[in-house]
There are 2 protein chains.
Amino acid sequence: MSYTAPIKDMLFCMEHLAGLSQVTQIPGFEDAGLETAQAVLQESAKLCEGVVEPLNIQGDINPSSFQNGKVTTTPGFKEAYQQFMAGGWQGLQHPADFGGQALPKTIGAACVEMLNASNISFALCPLLTDGAIEALLTAGSDALKATYLEKLVTGEWTGSMNLTEPQAGSDLALVRTKADPQPDGSYKVFGTKIFITYGEHDMADNIVHLVLARVSGAPEGVKGISLFVVPKFLVNTDGSLGARNDVHCVSIEHKMGIKASPTAVLQYGDNGGAIGYLVGEENRGLEYMFIMMNAARYGVGMQGIGVSDRAYQRAVQYARDRVQSRPVDGSVAGSAAIIHHPDVRRMLMTMRATTEACRAMASTAAAAYDAAHHHPDAEVRKANAAFYEFMVPLVKGYSTEMSLVVTSLGVQVHGGMGFIEETGAAQYYRDAKILTIYEGTTAIQANDLVGRKTARDGGKNAQDIAAQIAKTEAQLLASGTEAAQSMAQRLKAARQAFLDVVEFVAGKAKASPNAVYAGSVPYLMLTGNLLAGWQMGRALLAAQDQAALGVDVAFMQAKVVTAQFYAEHILTQVPGLRDSVLAGGESACALPLDAF
Amino acid sequence: MSYTAPIKDMLFCMEHLAGLSQVTQIPGFEDAGLETAQAVLQESAKLCEGVVEPLNIQGDINPSSFQNGKVTTTPGFKEAYQQFMAGGWQGLQHPADFGGQALPKTIGAACVEMLNASNISFALCPLLTDGAIEALLTAGSDALKATYLEKLVTGEWTGSMNLTEPQAGSDLALVRTKADPQPDGSYKVFGTKIFITYGEHDMADNIVHLVLARVSGAPEGVKGISLFVVPKFLVNTDGSLGARNDVHCVSIEHKMGIKASPTAVLQYGDNGGAIGYLVGEENRGLEYMFIMMNAARYGVGMQGIGVSDRAYQRAVQYARDRVQSRPVDGSVAGSAAIIHHPDVRRMLMTMRATTEACRAMASTAAAAYDAAHHHPDAEVRKANAAFYEFMVPLVKGYSTEMSLVVTSLGVQVHGGMGFIEETGAAQYYRDAKILTIYEGTTAIQANDLVGRKTARDGGKNAQDIAAQIAKTEAQLLASGTEAAQSMAQRLKAARQAFLDVVEFVAGKAKASPNAVYAGSVPYLMLTGNLLAGWQMGRALLAAQDQAALGVDVAFMQAKVVTAQFYAEHILTQVPGLRDSVLAGGESACALPLDAF
């Protein structure tokens, strides 16, 4: 069953929620209006639907394999990657100086979503390259930029992020990989990195590893970590490839999902030391790595949205085709396609509403990113940066947690057939489970939301957002339709719950850290639910207006229904989460360790 | 990481919640008191922990395989089954007349849980045999009973349930398998059955297929379905095995989980007709099949509880061992085992509280089953039957839906390691997904709860249960402890939500079927959450009392904490579900079909 990129909804988000027309007022983005967006999305859809998506199930059946230090990717991946590269897709959001297309993230994010909807395993390779580009752009020397950036932006070479070691996962303070300074200014790197996505593969000529390591004599903990570029092949001064560097893949993991994406164990320096180049200054590695991480976290959020949409589309198709049982309302005589059954509708609407809400939330975050990075006015940049920073843990945490719900419903709609691998629904369920884990687990996102994004400013940014939500509520009430009233009512209850929790989190994070952090994930889920719901409220208003103008009436009416469904079935969960956060810290931590 | 059967908690449930001492007042169960229960559970635990559980991961790595019409089970399964049989475990709950041990379900259910915690794939074989035994006991002729029951009760032969056909899953009205009457009173059966668990295997000498089929000339729909026994090998009059019957396995499925359990496509009658024997009367097959289904549904609920407990135990062990990051409260200097982190505690407590609550709910249901079937007083039987019938869709639906949450958290606690198959956590996540599907999807359970269990009596039974919950609330309030107050408060809010929904469901099921049935699964989740929480409220009271008496104080205090956690983190979700049920029917079904 084929995939259709949801271009219409993506453009709706850009136009009516993210404010693409304001993005085009930012210098450099003048041409990135709706027409450009449409053209780019259509081209992207061609590649994704026609080339990348058909390889998804192949990657599951015939995963990347490892032999004698080499990784062979799924047949077809290499050729698809060539097409991806030839289309310039890697450079979509990157500076023209290095061969990129310098489009806003507001547009680029939609392309990332469809690539991931088509094939998470494939899309991971460009996602990691994006992270390497961001790090070099921000902190790399001119020499590093000159040597690596253009090749990365074209996709000729790919990137990898090397953080994790066997003893150092979420806790990077425990990183032990060493870097010894050499007389020529380079370093020799020694250590073992695990869980390195596309750490080795056969799709590109070179791999640019970004590696966290400690320079000899550096302080302990996170303040002694530096970031290095360690290329698989050294690069000659003329830009050609030189000697093989001393970094080698020793195995890849046997995983539950995203099987086509090779997850490598990399051994650095077993034969004298891998040659690495410092990025920025010594001991500031974690700071730079967070630049990559933040880009990657947003990207993983898009993976959650992408796989959710894919699961939804497959479930809808099955529900249209599968005939089983009479509808309870007698609307069809005899057995009917299961899409006629109310519970199947509820499942499909849950999948649809969640996906659209997360897409809407991510789209507004992308526009904030563009303004935060490129707007000429410093105040505007600052305000947008604060909003974007608040959104990153939600785009990552909420969208991916919900992708578990959505892909599970996708299997459920298929009944017994969903459990049979040939059907395809099970793969999304297995693939999605990594999304709540890598690039910072949901708990790590929630810690970020609690600590840096809420407690640090005493909840001010959060309260500002709540005030904006209140404005949307007023508009909904003023509109007077039943759908808008229902949305306003649920938004209000959810916003009040949010304010209660923000007060609790901001007020007690220092005095009662266990109570607050035990509620951190429920707080994240509450906030993600509300902020995605807020965008659905805005979408409802915009869709009503457009329908009244006679614009694409069927689409707009469907948006109104979907928003109302979100309000009545998903926003309704928010007050219960508030109760858990406020009451539940003590009982969460009260059990003595030996009683477990 | 090894499995430890939760014998102490199982006995707590039997003694303090299910009322085992009352069960022993039922004629036939006089000896089935706490001492017997303990002895049986300890023996069962030995087999499960030592023999069956170690095969679980083997079954995933080396699933059942199919070649030339034969299924070869995972190495070790056959030997383990021999031990299961030799221990008399198949006959635990079956009549002594046919070689069983005639123990109450209150005790037997605990053994079923531990077998499933150890190995769902293995446990499915006895589960299906149980269903066949129930059907024959209820509706089989004396001749059928004499021929088959003892062999099934000893486990020498196994059973299978043949309902599904390619076009007939949830909708059995579409069954097309035919049965032609023969002059000797037997039938010749023709057709294809799919998704037949243990429909073919090498663990027993014979397989007794219970098959739904239509006698030539029978009415259309569910009223024309009859039930047949079709043995793999015909049985001679002396009880020895005769000719191979004309039923053949043509393939087995490639599934996401429970891979060791062969899921067969069975072809009946390709070589002249499979010889079958009518069970009970013609055209009453569905009625008999529901006897098997009800037994099996309860059993699948136990699978959900078992796999949840297994996932919990593995996650606790990992959380104790894995050292990562400093605790937010500074209670440990430097990095600590992740069990010190509040969010890990929240995840483990969610897994623990959910599992214990579902176990408590299932245990009380089992005691009601025993009284419903064996109590000398007809009124007592009737009241208990009503309660048990109400509980079956909850034990099945809620416990299995929650097992998806629990096994997902199990992976999450493991972080990146959870996604690596070698760790074992991923298998539970994959295995569990079938539980919300087979033996009636969650939607089918929810339809049952709405239609037969709530609307049919105008909500009376549901309201009676609510009145009992109110009594528990009063006891909690009277006890005065903080934990009891918290539980009483949440129970009250949840009970009121339940009453609101019952009124809606009972009042509108006929007039607004779409609105009611669109809320059927949220209604089921709400009700399961409440009824499991109610048992946790009762458990809290009992544990407080026992602790005050000095009985096993550490265990009892842990139960109080776990119950309070359930109240504050899980019962809190109930009011939101009410809001969805009451408000959400319209938006769930409003989207035009072509807008999906």
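Just so it is clear, the structure is predicted and the values come from calculations on it, not from any experiment.

1. Some thoughts on the overall build of chain A
Next up, step 1: Helix and strand counts for chain A stand at 20 helices and 12 strands.
Next up, step 2: Relative to its length of 596 residues, chain A is compact, with a C-alpha radius of gyration of 24 Å against a globular reference of 25 Å.
Next up, step 3: Considered along the principal axes of its C-alpha atoms, chain A spans approximately 80 × 60 × 55 Å.
Next up, step 4: With 596 residues in all, chain A has 63% of them scored as buried.
Next up, step 5: Here the analysis covers contacts within chain A between residues at least 6 apart in sequence; of these, 74% occur between residues at least 24 apart.

2. A closer look at the environment of A139 of chain A
Residue and element names in this part refer to chain A.
Next up, step 1: Within the secondary structure, A139 is located in helix α7 (residues 120–139).
Next up, step 2: Separated by 207 residues in the primary sequence, A139 and R346 place their C-alpha atoms 48 Å from one another.
Next up, step 3: Apart from the residues lying within four places of it in its own chain, the contact partners of A139 are V279, G280 and Y288.

3. Focus on the domain arrangement of chain A
Next up, step 1: Domain boundaries in chain A define domain 1 (7–64 + 74–143), domain 2 (157–283) and domain 3 (444–591).
Next up, step 2: Between the C-alpha centres of domain 2 of chain A and domain 3 of chain A the distance comes to 40 Å.

4. A closer look at the pattern of salt bridges
Next up, step 1: The final tally for this structure, using the stated rule, is 48 salt bridges over all chains.
Next up, step 2: A salt bridge links E200 of chain A to K232 of chain A, with the nearest nitrogen and oxygen atoms 2.9 Å apart. Linking E200 of chain A in the loop between β5 (187–197) and β6 (206–215) with K232 of chain A in the loop between β7 (226–231) and β8 (233–235), this pair joins segments that are 32 residues apart in sequence.
Next up, step 3: According to the relative accessible area criterion, E200 of chain A is buried, its value standing at 6%.
Next up, step 4: When the shortest N-O distance is used, the salt bridge between D60 of chain B and R430 of chain B registers 2.6 Å. Here the residue D60 of chain B occupies a position in helix α4 (residues 56–61), and R430 of chain B occupies one in helix α12 (residues 425–432), the gap between them amounting to 370 residues.
Next up, step 5: A relative accessible area of 13% means that D60 of chain B is categorised as buried.

5. Considerations on the side chain of T454 of chain A
All names here are of chain A.
Next up, step 1: Among the structural elements, T454 can be located in helix α13 (residues 442–455).
Next up, step 2: For T454, a relative accessible area of 0% translates into the label buried.
Next up, step 3: Engagement of the side chain of T454 in a polar contact is seen with the side chain of Y523, the distance being 2.8 Å.
Next up, step 4: Leave out the neighbours within four places in its chain, and T454 touches F390, L449, G459, V502, V505, A506 and Y523.

6. Quick word on the pairing of strand β11 (residues 263–268) of chain B
Moving residue by residue along a regular strand, the side chains alternate between the two faces of the sheet.
Residue and element names in this part refer to chain B.
Next up, step 1: By the criterion of burial, β11 is predominantly enclosed, with six of the six residues buried.
Next up, step 2: Here β11 shows a buried face lined by T263, V265 and Q267 and a second buried face lined by A264, L266 and Y268.
Next up, step 3: Where strand β5 (residues 187–197) lies against β11, five bridges are found, and the strand directions are antiparallel. Bridge pairing links K193 to L266 in β11.

7. Things to note about the UniProt feature "domain: Acyl-CoA dehydrogenase/oxidase N-terminal" (unreviewed entry) in chain A
Next up, step 1: According to UniProt, the feature "domain: Acyl-CoA dehydrogenase/oxidase N-terminal" (unreviewed entry) maps to residues 78–156 of chain A in the numbering used here.
Next up, step 2: Segment residues 78–156 of chain A splits into 71% helix and 0% strand. End C-alpha atoms: 12 Å apart.

8. As for the packing of helix α11 (residues 378–413) of chain B against helix α13 (residues 442–455) of chain B
All names here are of chain B.
Next up, step 1: Where α11 meets α13, the closest approach of the two axes is 9 Å, and the angle between their N-to-C directions is 155 degrees. Relative to α13, the element α11 lies roughly antiparallel. When you trace α11 past α13, the crossing you get is left-handed. Note on element contacts: α13 touches α11 through T442, Q445, D448, L449, K453 and T454, opposite E389, F390, P393, L394, K396, G397 and E401.
Next up, step 2: Per-class residue counts for the contact of α11 with α13 are four nonpolar, four polar and five charged.

9. Structural notes on the interface of chain A and chain B
Next up, step 1: Chain A puts 89 residues into the contact, and the matching count from chain B is 89 residues.
Next up, step 2: Inspection of the chain A/chain B interface yields zero salt bridges.
Next up, step 3: Between the two partners, chain A and chain B, sit 40 residue pairs in polar contact (both at pLDDT 80 or more).
Next up, step 4: Class assignment for the residues of the side of chain A that touches chain B results in 40 nonpolar, 27 polar and 22 charged.

10. Focus on the relation of the copies chain A and chain B
Next up, step 1: Superposing chain A onto chain B requires a rotation of 180 degrees together with a translation of 0.0 Å along the rotation axis, leaving an RMSD of 0.0 Å. Between the two chains, the operation in question is that of a two-fold axis.
Next up, step 2: An overlap of 100% is found between the interface residues of chain A and their copies at the interface of chain B, pointing to a shared contact surface.

11. Side note on helix α3 (residues 34–52) of chain B
All names here are of chain B.
Next up, step 1: Between its first and last C-alpha, α3 extends 25 Å over 19 residues, near the 27 Å set by a 1.5 Å rise per residue.
Next up, step 2: Of the residues making up α3, those classed as buried are A37, V40, L41, S44, A45, L47, C48 and V52.
Next up, step 3: Contacts from the buried residues of α3 go to α1 (7–18), α2 (20–23), α4, α5 (77–86), α6 (105–118) and α7 (120–139).

12. Comments concerning the packing of aromatic side chains
Residues and elements named next belong to chain A.
Next up, step 1: Inspection of every chain in the model, using the stated rule, returns 19 aromatic pairs over all chains.
Next up, step 2: An aromatic cluster of three or more residues is present, and its members are F77, Y81, F84 and F122.
Next up, step 3: A cation over an aromatic ring shows up here: K178 above the ring of F190, its NZ or CZ 5.9 Å from the ring centre.

13. Notes on α6 of chain B
Next up, step 1: With 14 residues, α6 of chain B should cover 20 Å at 1.5 Å per step; its first-to-last C-alpha distance of 19 Å lies within 8% of that length.
Next up, step 2: Within α6 of chain B, 13 of the 14 residues are buried, which leaves it mostly tucked inside the rest of the structure.

14. Regarding unusual backbone geometry
Next up, step 1: Unusually for a residue other than glycine, N68 of chain B sits at a positive phi of about 50 degrees.
Next up, step 2: The residue N68 of chain B is located in the loop between β1 (65–67) and β2 (70–72) in this model.

15. Remarks on the nonpolar core
Next up, step 1: Counting residues in hydrophobic clusters, the biggest one holds 384 residues, and the most contacted among them are L348 of chain A together with L41 and L348 of chain B.
Next up, step 2: In contact with L348 of chain A, other than residues within four places in its own chain, are Y312, A315, V316, A319, I339 and V413 of chain A together with F596 of chain B.

Criteria and thresholds
- Residue positions are given per chain, counting from 1 as you read along its sequence in written order.
- Chains carry letters and ligands carry numbers; both start at the beginning, A for chains and 1 for ligands, and go up in the order they are written.
- In keeping with the model being predicted, local features are shown solely for residues with a pLDDT of at least 70 and side-chain atom pairs are shown and tallied solely at 80 or more, while totals for entire chains, interfaces and linings include all residues.
- Side-chain descriptors were evaluated using all non-hydrogen atoms of the structure, hydrogens and water having been removed beforehand.
- Each helix is a run of H or I in the DSSP string that is no shorter than four residues. Each strand is a run of E no shorter than two, and both are numbered from the N terminus.
- Each radius of gyration is computed over the set of C-alpha atoms, and the globule rule expresses the reference value as 2.2 Å times the number of residues to the power 0.38.
- Exposed residues in this analysis have more than 50% of their type's maximum accessible area, buried residues have under 20%, and partly exposed residues fall in between, with area computed by a 1.4 Å probe over protein chains only.
- Any two residues having at least one pair of non-hydrogen atoms within 4.5 Å are treated as being in contact.
- For the purposes of this description, domain bounds are those given by an automatic or database domain assignment.
- What counts as a salt bridge is simple: a side-chain nitrogen of Lys or Arg found within 4 Å of a carboxyl oxygen of Asp or Glu.
- N or O atoms within 3.5 Å of each other form a polar contact, as long as, within protein, one can give a hydrogen and the other can take it, and as long as residues adjacent in sequence are counted only when both atoms are side-chain atoms.
- DSSP calls a pair of strands paired once it identifies at least 2 bridges connecting them.
- UniProt positions are given in the numbering used here, feature names are shortened, and annotations may be inferred rather than shown by experiment.
- For every element, the axis is a line fit to its C-alpha atoms; helices are fit only across the contacting stretch, and the angle between N-to-C directions ranges from 0 to 180 degrees.
- Any angle between 65 and 115 degrees counts as roughly perpendicular, while under 35 counts as roughly parallel, over 145 as roughly antiparallel, and the rest as oblique.
- Crossing handedness: left-handed means the near helix sits turned counterclockwise from the far one by under a right angle, and right-handed means the same turn made clockwise.
- In the scheme used here, Gly and all other residues not listed as nonpolar or charged are polar, with Ala, Val, Leu, Ile, Met, Phe, Trp, Tyr, Cys and Pro taken as nonpolar and Asp, Glu, Lys and Arg as charged.
- Copies are brought into register by a least-squares superposition over C-alpha atoms of residues with pLDDT of at least 70 in both.
- Residue count minus one, scaled by 1.5 Å, sets the expected span of a helix.
- Two rings from Phe, Tyr or Trp (for Trp, the six-membered ring) form a pair when their centres are within 6.5 Å of each other. A pair whose planes differ by under 30 degrees is stacked, one over 60 is edge-to-face, and the rest are tilted.
- Here, over-ring charges are defined by two tests on the NZ atom of lysine or the CZ atom of arginine: distance to the ring centre within 6 Å, and angle to the ring normal within 35 degrees.
- Residue types Ala, Val, Leu, Ile, Met, Phe, Trp, Tyr and Cys, when buried and joined through side-chain atoms within 4.5 Å, form a set referred to as a nonpolar core.

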